[in-house]
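Per-entry structural report
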Amino acid sequence: MASRLSGGGGLVTYLLAAAVLVFVLAPLAVVVAVSFSTAPLAIFPPVGFTTSWYEEVLANDEFQSAFIVSVTLAVCSTITSFVLGMPAAYALNRWNVPGSRAIEAMLLSPFIMPILITGLALLQFMAMLKLRDAALGLFIGHVLVTLPYLVRTVTASLKQVDRSLEEAALTLGAPPWKVFTKVTVPQIVPGIAAGCLFCFMVSFDEFPLSFWLSNAETMPLPIFLQNSMTKVFDPSIAAISSLMILTAAAAVIGLEKLVGLRRAMSV
Amino acid sequence: MVATAQASDLAFSGLTKLFGTTRAVDGVTLRIAAGEMVALLGPSGCGKTTTLRMIAGLIEPTEGDVLIGGMRITRTPVHRRNIGMLFQNYALFPHLSVAENVAFGLQMRGMRKALIKPKVAQALSLVQLGALADRLPSALSGGQQQRVALARAIVIEPTLLLLDEPLGALDRNLRDSMQVEIRQIQQRLGITAVMVTHDQEEALTMADRVVIMRDGKLEQVGTPEEIYSRPTSRFVASFIGTCNFLRGDVIGQEAGRPQVRLAAGGQIALPSPANDQKEVLVSVRPEAISLSAEERGTPATILQIVYRGQATHVHMALDDGTPFLAFLPNRDGKPVRSAFSTGDRIWASWSPDSNWAVSEA
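Another point: the overall build of chain A. If you tally the helices and strands in chain A, you get 12 helices and zero strands. For chain A, the α and β elements follow one another from N to C terminus as α-α-α-α-α-α-α-α-α-α-α-α. The dimensions of chain A, computed from C-alpha atoms along their principal axes, are 70 × 65 × 30 Å. Per-residue burial over chain A gives 42% buried out of 267 residues. Long-range pairs, those at least 24 residues apart, make up 72% of the contacts in chain A between residues at least 6 apart in sequence. In the structure as shown, chain A presents an accessible area of about 14500 Å², 72% of it carried by carbon and sulfur atoms. One finds the centroid of the 14 positive side-chain charges in chain A at a distance of 15 Å from the centroid of its 14 negative side-chain charges.

When you go through chain B residue by residue, the secondary structure sums to eight helices and 21 strands. Along the first, second and third principal axes, the C-alpha atoms of chain B reach 75 × 45 × 40 Å. By the burial criterion, 51% of the 361 residues in chain B qualify as buried. The contacts in chain B between residues at least 6 apart in sequence include a share of 67% that link residues at least 24 apart. Looking at chain B as shown, the accessible area adds up to about 16100 Å², and 49% of this sits on carbon and sulfur atoms.

Time to look at the pairing of strand E14 (residues 279-284) of chain B. Residues and elements named next belong to chain B. Most of E14 sits out of view: five of its six residues are buried. Across six bridges, strand E11 (residues 244-254) lies against E14 in antiparallel orientation. Note on E14: the bridge partner recorded for Phe-245 is Ser-283.

All names here are of chain B. The biggest cluster of nonpolar side chains holds 92 residues, and the ones touching the most others in it are Leu-10, Phe-93, Phe-104, Leu-124 and Leu-162. If one sorts the elements of this core by residue count, helix H2 (residues 98-108) sits on top with seven residues. Once you skip the residues sitting within four places of it in the chain, Leu-162 turns out to touch Leu-52, Ile-55, Ala-56, Ile-83, Gly-84, Met-85, Leu-86 and Val-194. In this structure, Val-282, Met-316, Phe-324 and Leu-328 belong to the second largest nonpolar core, which totals 24 residues.

Bringing unusual backbone geometry into the picture now. At Ala-91 of chain B, a position not held by glycine, the phi torsion is positive, near 55 degrees. Residue placement: Ala-91 of chain B occurs in the loop between strand E6 (83-86) and H2.

Let us now look at the pattern of salt bridges. Across all of its chains, the model carries 20 salt bridges over all chains by this definition. Between Arg-147 of chain B and Glu-181 of chain B there is a salt bridge, with its nearest N and O atoms 2.8 Å apart. Residue Arg-147 of chain B is found in helix H4 (residues 142-154), and its partner Glu-181 of chain B is found in helix H5 (residues 172-189); the two are separated by 34 residues along the sequence. Grouping residues by exposure puts Arg-147 of chain B and Glu-181 of chain B together as buried. With a shortest N-O distance of 3.0 Å, Asp-353 of chain B and Arg-257 of chain B are connected by a salt bridge. You can see Asp-353 of chain B sitting in the loop between strand E20 (345-349) and strand E21 (356-358) and its partner Arg-257 of chain B sitting in strand E12 (residues 257-262), a full 96 residues away along the chain. What you see here is one network of salt bridges that share partners, running through Arg-94, Arg-163 and Glu-166 of chain A.

Turning our attention to the interface of chain B and chain A. If you look at the interface, chain B gives 19 residues, while chain A gives 18 residues. Sorting the residues of chain B by area buried against chain A places His-79, His-95 and Met-108 of chain B first, and these three jointly supply 34% of that buried surface. Here Glu-167 of chain A and Arg-53 of chain B are joined by a salt bridge, their closest N and O atoms 2.6 Å apart. Elements that contribute at least two residues to the side of chain B that touches chain A include exactly E6 and H2 of chain B. Classifying every residue of the side of chain B that touches chain A by side-chain character gives 12 nonpolar, four polar and three charged.

Looking now at the pairing of strand E9 (residues 209-214) of chain B. Residues and elements named next belong to chain B. Taken together, the four bridges between strand E3 (residues 37-41) and E9 define a ladder with parallel strand orientation. In the sheet register, Leu-40 faces E9, and the bridge partner there is Val-211. Pairing of E9 with strand E10 (residues 217-222) involves five bridges; the strand directions are antiparallel. Across the sheet, the residue bridging to Ile-212 is Gln-220, located in E10. Hairpin connection of E9 to E10: two residues between the antiparallel strands, including Asp-215 at a positive phi of 50 degrees.

What follows concerns the environment of Asp-164 of chain B. Residue and element names in this part refer to chain B. Note that Asp-164 resides in strand E7 (residues 160-164). Residues Asp-164 and Met-195, spaced 31 residues apart in sequence, show a C-alpha to C-alpha distance of 6.0 Å. Filtering out sequence-adjacent residues up to four positions away, Asp-164 remains in contact with Thr-49, Leu-52, Met-85, Leu-86, Phe-87, Gln-88 and Val-196.

With that out of the way, let us pick up the domain arrangement of chain B. Residues and elements named next belong to chain B. On domain assignment, one finds that chain B holds domain 1 (10-234) and domain 2 (242-358). Each of domain 1 and domain 2 was reduced to a C-alpha centroid, and the two centroids are 39 Å apart. Listed as interface residues are eight residues of domain 1 and, on the opposing side, 10 residues of domain 2. It is Tyr-228, Arg-230 and Arg-234 in domain 1 that bury the most area against domain 2; as a group they hold 73% of the surface buried on that side. The interface formed by domain 1 and domain 2 holds zero salt bridges in total. Here domain 1 and domain 2 share three residue pairs in polar contact (both at pLDDT 80 or more) between them. Residue contributions to the side of domain 1 that touches domain 2 peak at three residues, all from helix H7 (residues 224-229). Residue classes in the side of domain 1 that touches domain 2 are distributed as three nonpolar, three polar and two charged.

Quick look at a nonpolar patch on the surface now. Nonpolar side chains collect at one region of the surface, where Val-20, Leu-21, Phe-23, Val-24, Leu-25 and Leu-28 of chain A lie side by side and expose about 600 Å² of accessible area between them. Position of Val-20 of chain A relative to the elements: it lies in helix H1 (residues 7-34).

Analysis parameters
Residues numbered from 1 in each chain as written. Chains lettered and ligands numbered in written order. Predicted model: local features only at pLDDT ≥ 70, side-chain atom pairs only at ≥ 80, totals over all residues. Heavy atoms only, no water. Helix = DSSP H or I, 4+ residues; strand = E, 2+ residues; numbered from the N terminus. Buried < 20%, exposed > 50% of the residue type's maximum accessible area, 1.4 Å probe, protein only. Contact = heavy atoms within 4.5 Å. Areas by Shrake-Rupley, 256 points an atom, 1.4 Å probe, with all protein chains shown as cover. Lys, Arg positive; Asp, Glu negative; His and termini not counted. Charge placed at Lys NZ, Arg CZ, Asp CG, Glu CD. Pairing = 2+ DSSP bridges. Core = buried A, V, L, I, M, F, W, Y, C linked by side-chain atoms within 4.5 Å. Salt bridge = Lys/Arg side-chain N within 4 Å of Asp/Glu carboxyl O. Buried area = accessible area lost by both parts, 1.4 Å probe. Nonpolar A, V, L, I, M, F, W, Y, C, P; charged D, E, K, R; others polar. Domains from an automatic or database assignment. Polar contact = N/O pair within 3.5 Å; in protein donor to acceptor, adjacent residues only side chain to side chain. Patch = residues over 30% accessible without salt bridge, like charges linked within 9 Å, V, L, I, M, F, W, Y side chains within 5 Å.

Written out as structure tokens, the structure is:
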């Protein structure tokens, strides 16, 4: 894992990896660069250097409320996905649940459903139930799309846990719940962390669902961003985008510090 | 010294496990004395592991009962059975240090920290790993890891020690010394133990009694010597060590010994009265055979001579084509008889005490 690739194959691998990184990161770098531009419009290459766009954005009440909505939504969806997804993944993997494959497929189905359509369906469904609360609608919708990520990663890490560890703990006198907390959970912490990170990022970045379910009072950041862009395309848009990138980076780095991201991603 | 709880005997009666319609274990009944070490031996799929896991409580039997010290524990959950178990892959908790691994079972019993510490130290010194207490399992070799697992299993003073192919992942030399070490500790503590293995040498080395299993049933139960020298069936004889099989007809008795005319030519005697059957299958161990250029015994043709260090293996064919094998001991690493060569016609002879009639199946 830590060993370096060598030879012609190694060179090709490194070049390919570098190319992929450039393609993925270059547009992000453009956005960040533009956010410091003094030009009144978002143009590249940027002109001069200023942090005034950030000051403007951060002072904006609408941005502040959108940011708080997004972070709250992401945190709540992540926690709820964890609370619902952990027992689900565990039960599906460790117990003899009748129809477990069907249940797992159903839990993971939001992966393959077009989210835009899911959002529309959810909107109609909630109108039928007379649920007019946008915050609640967004929360339910976000949990729906983040839950599969948690179930998927926790399932993957549960499958990697050596069953004989759990059996050994049982023979040593640990009741099943202690086997879970003392032996199983420490093995799958990286998977749980990765799952939670995915949940947070997916929710924080979620557009198609929020597009249907948000309203003027409860507007997540991506919707706010899109709304602002249709008004005026100045570097404040780039500044908002950069702040979103920063939040994502903070989440990734936090996870790396907490459990080691390389371990977390190894599932 | 790690003490054990009062050693208990173990019994199972009519133990049966069905997986779907497959009878993985089929009506196994056995009694294991307190302090005894029994090896369940057999080819893969014979039901030995399933039997062990039913004793542990990791699998629930379809029928039958498991009793420890006369107490029926068939429906007792694993964590209340007070067993120590060794797994083939050691199953050490990777996130805990060696000492924490050993302490785990004591913590589960709610023992106070002050009491746990000396017990862990004792157990680790018993397996000669006191110096490695603070290491993580991943920093240990395979042999050291299984020693930690042994310390972890015995520190809880189990009523029963279960070993599931404990040395299967180790290389030959280490396996040999670990066999002796585990056996010594088991005897010293007087723990009743059941081991599963597919390695016949391991079973002979470690066990007081060997249980040969086949298709979910007991094929033969006996001491290593009984199993080796008095196999009941062709299956057992060929599973434990190497064996020659000769077909013949009983043609009469001489001094209480049935005389057998071999299909391959020659006549041999059986050491004890065979049952009334006319046709018999006689097993002879290769190390019992001596070869001679003189016309004495059963004629054979040498196919191949293989030098194997402590012995030379001579592969032969009897006159009716039956394969026949002799192990000739080497002295100072040199073959005692080097005069033979491939293609030679020679005569094989052995003591009638080496003959043993076995059932065909």
